[in-house]
Amino acid sequence: MIKKEMIAMLLAGGQGSRLGVLTQKVAKPAVSFGGKYRIIDFPLSNCINSGVDTVGVLTQYQPLRLNAHIGIGIPWDLDRNVGGVTVLPPYERSKGSDWYTGTANAIYQNLEYMENYNPEYVLILSGDHIYKMDYEVMLEYHKANNADVTIAAMQVPIEEASRFGILITDESNRITEFEEKPAQPRSNLASMGIYIFSWQVLKDALIKLSDEPGCDFGKHIIPYCHAAGKRIFAYEYNGYWKDVGTLGSYWEANMELIDIIPEFNLYEEYWKIYTKSDIIPPQYIAENAKIERSIIGEGTEVYGEIINSVVGAGVTIGEGAVVRDSIVMKGTEIGAGAVVDKAIVAEDVRVGENAQVGVGEYAPSKYDQKVYQFDLVTIGERSVIPPDVKIGRNTAISGETTAEDYKNGELESGDYIIKAGGVQ
Amino acid sequence: MRAIGIVLAGGNSKRMRELSNKRAIAAMPIAGSYRSVDFALSNMSNSHIQSVAVLTQYNSRSLNEHLSSSKWWDFGRKQGGMYVFTPTITAESSDWYRGTADALYQNLDFLKKSHEPYVVIAGGDCVYKLDYGKVLEYHIEKKADITVVCKDMGPEEDVTRFGLVKTTEDGRITDFEEKPMVATSNTISCGIYVIRRRQLIELIERCAAEDRYDFVTDILVRYKNLKRIYAYKMDTYWSNIASVESYYKTNMDFLKPDVRHYFFKEYPEIYSKVDDLPPAKYNPGATVRNSLVSSGCILNGAVENSVLFKKVYVGNNCIIRNSVILNDVYIGDNTVIENCIVESRDTIRANTTHIGTPDNLKIVIEKNERFTL
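Residues numbered from 1 in each chain as written. Chains lettered and ligands numbered in written order. Predicted model: local features only at pLDDT ≥ 70, side-chain atom pairs only at ≥ 80, totals over all residues. Heavy atoms only, no water.

1. Points about the pairing of strand 4 (residues 54-58) of chain A
Both faces of the sheet carry side chains from a regular strand, because those side chains alternate between them.
Residue and element names in this part refer to chain A.
In step 1: Most of strand 4 is tucked away, with 5 of its 5 residues classed as buried.
In step 2: Pairing geometry for strand 1 (residues 6-11) and strand 4, over 4 bridges, is parallel. Residue pairing across strands places leucine 10 opposite valine 57, the latter belonging to strand 4.
In step 3: Pairing between strand 4 and strand 5 (residues 84-88): 5 bridges, direction parallel. (Buried < 20%, exposed > 50% of the residue type's maximum accessible area, 1.4 Å probe, protein only. Helix = DSSP H or I, 4+ residues; strand = E, 2+ residues; numbered from the N terminus. Pairing = 2+ DSSP bridges.)

Below, the structure written as structure tokens:
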């Protein structure tokens, strides 16, 4: 009989609506990160580096890019005879077909997948965190405590604690109380959304709570296990971990990579991050190009200036163009003479010649103040920006825009253009 | 595709000087991200050849490491695949490959067991893109026994290190001279051949019976009047890298927009082993002009008109000019490198100066320890 000690279930079905136009056409875990990677590469690489070779990836929202990226798992060595990576979308059954209604519900609907591997432990991961973690060490800790559930947790500044699930522990790190996004946090130990369950405990809880609408780990499963007197422990993690759920934190996490010695170091030999790289050639830096404090992916051609930016693979920066404090993703072309300032430009975008992106003064977003509040111009994938237009700060653009969309050739700060179409 | 492929990758050349001390020519790194053998292998894959044998002999460790998986060139298939044949001791023979024909003879089983009617033979030391399917069409149209891919070189080029051919107007080869003292033609053989499989087996067996071992001198030159040998002229980029000067020049060619566009942007692509290195990083102080920079590089100094392979570290205040820096080289602060080729995995200490001239490139091999306790 097949026996895997620990298998991982990776939740990658969420839209990540707080990333605005970046996730209009792709799921958050498939969004580019750090000039070459996609967000899901981090948990997937952590799995294989930790010796977890069986990973179920739960997908639901816009899974095309994700499916194409994961394939049969070759880049992560997850193409295995037994186990490996399996993409698990919601499926139809003879009665009661459902979308995944919550994180735990998604896992519940794939009980059969997990049973196949006869695991002793199940690792629950989410596909939207940037970090390096050895899950094997966490498993050792789980075993040493004779725990039923272990939750990875880290200290956060107390003023931010109300954004997280907060754990209150005793001196042996056993969790005594659990508060989901409390107004008055009593501790600053935040749950990272990474759990190890002993299989039987997880299975029982999932079955017991199978009728719970929108069944969620933080809201339902953990409180249930706690109420049932299970041994729940906090595993304190001290390394780099970043939830890139908002445009602000996404931009910040990218920018941290260009520090001279970044806190999150991709250049270490140990603990490599793997990704599907389909662009092989080196980058070309032209005679008059200028680059300062940036990272740049494969196959990119730079004829202009790049300052304090993260630029992906296969990008072209035209002559005289300036990219400053920005993220430019794979395959995008910045036309000659264009200026891009404090912007996130998604994949395969065309920015016309002499266009000016990110000019003027900050203004609050007229589109969605909660999503677009970080003073960043956000341009969705395959968008087209015509030549010579001026685009204000804190704006959002998606689709194929033409000169007519810009009154007097200008888009005011805080404004937005959301259209269909784009680069094919 | 109705052909199998054979890549001759066993060779070594004194003209590579110290660069061939640690690897076969076919494993020489090219254009930042590739190795020489990638071009022949990618051409085979892109020509839909499914079954490919790579014959290796000289110092094949780094080549074998590069060929450790066939998936990079899409050969990992049930139908066909990539085979690496290194000389082995068998009941009949305990010899090394004594020449290219002998290498084929020692692997005659591969030829005999295949069912495709044709064979494409290519060297592993040339940089080019070619659809072998087109060569095969030409071969069939001309009812040729052997087709040799040829190229007209410019008058300024020294062609005496190649095989030189003369042809009739129809393209039939009437004269073939291998590495002559004095050039009598400027049409060279690119070392790429198409031949019917049974014909090849027959020629190779006859060669072996006569104790002859070389494909060029003992088959092409000897049979030129007996067999119908045709020249297929290619007119796109082709470069042989088997001398230090041509190796350097080939790498520098990639700084030209047309060459770069042809290899990097035009379909089909050249494939290579993926190394999973992070993006290149430019720290304050880095000034880079007209250069190729590969993944995993960290730059703190000045780089001009150079090709940096993967994982090169350039320290503060360095000046790298007109040079080729192979993969995984660490260059300490305040170092000056001009007109050099720096061998891979080398560590250059701070405050070092290495200066060559365009006519006499310096090959830098310093076997320093990178980490001292």
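2. Description of the interface of chain B and chain A
In step 1: Residue-level contacts link 38 residues of chain B with 40 residues of chain A.
In step 2: For the pair chain B and chain A, the two sides together bury roughly 3,000 Å², of which 51% comes from carbon and sulfur.
In step 3: Considering only the surface of chain B that becomes buried against chain A, Asp276, Pro279 and Tyr282 of chain B emerge as the three largest contributors, covering 22% of it.
In step 4: Viewed at the interface, chain A and chain B are joined by 3 salt bridges.
In step 5: Of all elements in the fold, only helix 9 (257-265), strand 14 (280-282), strand 15 (287-289) and strand 16 (291-293) of chain B reach the threshold of two or more residues within the side of chain B that touches chain A. (Contact = heavy atoms within 4.5 Å. Buried area = accessible area lost by both parts, 1.4 Å probe. Salt bridge = Lys/Arg side-chain N within 4 Å of Asp/Glu carboxyl O.)

3. Some remarks on the environment of serine 198 of chain A
Residues and elements named next belong to chain A.
In step 1: Residue placement: serine 198 occurs in strand 11 (residues 189-198).
In step 2: The buried category is assigned to serine 198, whose relative accessible area is 14%.
In step 3: Residues serine 198 and alanine 363 lie 165 residues apart in sequence; the distance between their C-alpha atoms is 50 Å.
In step 4: In this structure serine 198 touches Glu120, Tyr121, His142, Ala147 and Asp148, once residues within four positions along its chain are discounted.
In step 5: Among the polar contacts made by the side chain of serine 198, one reaches the main-chain carbonyl oxygen of alanine 147 at a distance of 3.3 Å. (Polar contact = N/O pair within 3.5 Å; in protein donor to acceptor, adjacent residues only side chain to side chain.)

4. Comments concerning the side chain of arginine 35 of chain B
Residues and elements named next belong to chain B.
In step 1: Position of arginine 35 among the secondary structure elements: in strand 3 (residues 34-35).
In step 2: Although arginine 35 lies buried, it forms no salt bridge, and the closest oppositely charged side chain, glutamate 65, sits 6.1 Å away as judged by the N-O distance.
In step 3: Once residues lying within four places of it in the same chain are set aside, the contact partners of arginine 35 are Arg23, Ala26, Ala27, Met28, Pro29, Ile30, Ser62, His66, Ser272 and Asn327. (Lys, Arg positive; Asp, Glu negative; His and termini not counted.)

5. Observations concerning the pattern of salt bridges
In step 1: Tallied over the full model, the rule gives 53 salt bridges over all chains.
In step 2: Between arginine 382 of chain A and aspartate 348 of chain A there is a salt bridge, and its shortest N-O distance comes to 3.6 Å. Remark: aspartate 348 of chain A occurs in the loop between strand 25 (343-345) and strand 26 (350-351) and arginine 382 of chain A occurs in the loop between strand 28 (377-379) and strand 29 (384-385); sequence separation between them is 34 residues.
In step 3: In this structure, the salt-bridge partner of arginine 98 of chain B is aspartate 102 of chain B, at a minimum N-O distance of 3.2 Å.
In step 4: The exposure class assigned to arginine 98 of chain B is partly exposed, which follows from its relative accessible area of 42%.
In step 5: We classify aspartate 102 of chain B as buried; its relative accessible area is 3%.
In step 6: Counted as one network, the salt bridges with shared partners bring together Arg38, Arg65, Glu347 and Glu381 of chain A.

6. What about the sheet that holds strand 18 (residues 302-304) of chain B?
Residue and element names in this part refer to chain B.
In step 1: Across the sheet, 5 strands lie side by side as 15-18-21-24-27; this open sheet has parallel pairing. Strands with a single pairing partner mark the edges of an open sheet, and in this sheet they are strand 15 and strand 27 (353-355). Direction aside, neighbouring strands of the sheet carry axes that sit 5° apart on average.
In step 2: The sheet contact formed by strand 21 (residues 319-321) and strand 24 (residues 336-338) spans 3 bridges and is parallel. Note that in strand 24 the partner of isoleucine 319 across the bridge is valine 336. (Axes fitted to C-alpha atoms, helices over the stretch in contact; angles between N-to-C directions.)

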